[in-house]
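Summary of the model geometry
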Amino acid sequence: MTEIIAGVEIPDTSAATEAERFLRERADSLLLHHSRRVFLFGSLHARALDLRPDPELLYVAAMFHDAGLLVPFSATPQRFELDGADHARTFLRDRGFPENAAEAVWTAIALHTTPGLPSRMGPETAATNYGVLTDAVGWELGRLGDEDIEQVVAVHPRGAFKEEFPRVFYDGLKNRPDTTYGTVNADILEHFDPAFRRTSMVERILDAPWPS
């Protein structure tokens, strides 16, 4: 039976189902509800802006976008966004998706916390970013109808998201602080860890091994 929330149809494909199962097996309800809301809010923004993301790819991107906070997939420390993006790309390749589809999802996840760029890129990248921004910081809530927002939150409640999500974020970053350089992720470490000190680009220029 097709699941429709706020007029948005949840993709009923084997890849979408497996991606959701992957997340359900590793994450608690906080991240699962967040990831589903990212898909729904991203889809609603796409509808309002006449974007045409592939629903299945957008759903996979939403399911994996924070997976790197839970499981470090790389052999060496890297940004959590890249962990999730790399795993999602492998997930799609293993299931016979064309390379351009796998790359679209990789880009959407890799850039989902990067300000300014996603809106200039493909529809999956833009919609993923819009969904993340809306659910995390309330970006452009006024663009979405109150009834649609209420339906989304009724099915996927926020609970204590404001208190709990930053802690989940911190737990996924605290063992790889150097990967937060130049990203909004450094804000999370700075908030929770009094000993953390972000490095500035000015410091890197001044400390470079050049005489002038």
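In short, a report on the structure. Per chain, residues are indexed from 1 in the order of the written sequence. Only residues with pLDDT of at least 70 get local features here, since the model is predicted, and only at 80 or more are side-chain atom pairs given and counted; chain-wide, interface and lining totals rely on the full set of residues. Values shown for side chains rest on all heavy atoms present in the structure; no hydrogens or waters enter the calculation.

1. Here's the deal with the environment of Ile5
Its place among the elements puts Ile5 in strand β1 (residues 4-5). For Ile5 and Gln151, which are 146 residues apart along the polypeptide, the C-alpha to C-alpha distance reads 6.6 Å. Contacts are assigned to residue pairs with any non-hydrogen atoms lying within 4.5 Å of each other. Contact partners of Ile5, with chain neighbours within four places excluded, come to Ile10, Arg36, Leu40, Gln151, Val152, Val155 and His156. We count a stretch as a helix when DSSP gives it H or I for four or more residues in a row; a strand needs E for two or more, and each element gets its number in order from the N terminus.

2. Here we look at unusual backbone geometry
A positive phi angle, close to 60°, is found at Asp50, a residue other than glycine. Relative to the elements of secondary structure, Asp50 occurs in the loop between α2 (29-49) and α3 (55-64). Residue classification places Asp50 among the exposed residues on the basis of a relative accessible area of 53%. Residue Glu140 is not a glycine yet carries a positive backbone phi of 55°. Secondary-structure assignment places Glu140 in the loop between α6 (123-137) and α7 (146-155). Buried, partly exposed and exposed residues are distinguished by accessible area as a fraction of the type maximum, computed with a 1.4 Å probe on protein chains only: under 20%, between the cut-offs, and over 50%, respectively.

3. Some remarks on the nonpolar core
With 56 residues, the main nonpolar core has Phe39, Phe64, Leu92 and Val105 as its most contacted residues. When near neighbours in sequence (up to four residues on either side) are disregarded, Val105 contacts Leu57, Val60, Ala61, Ala88 and Leu92. To qualify as a nonpolar core, a set must consist of buried Ala, Val, Leu, Ile, Met, Phe, Trp, Tyr and Cys residues joined through side-chain atoms within 4.5 Å.

4. So, the pattern of salt bridges
Salt bridges, as used here, are contacts in which a Lys or Arg side-chain nitrogen is within 4 Å of a carboxyl oxygen on Asp or Glu. Applying the stated criterion across every chain, the model contains 19 salt bridges. Residue Glu99 is joined to Arg93 by a salt bridge in which the shortest nitrogen-to-oxygen separation is 2.5 Å. For Glu99, a relative accessible area of 38% gives the class partly exposed. With a shortest N-O distance of 3.6 Å, Arg93 and Glu103 are connected by a salt bridge. Taken together, the residues span a long stretch of sequence, with Arg93 in helix α4 (residues 80-94) and Glu103 in helix α5 (residues 99-110) at a distance of 10 residues. Note on Arg93: relative accessible area 40%, which makes it partly exposed. The structure contains a network of salt bridges with shared partners spanning Asp86, Arg89, Arg93, Glu99 and Glu103.

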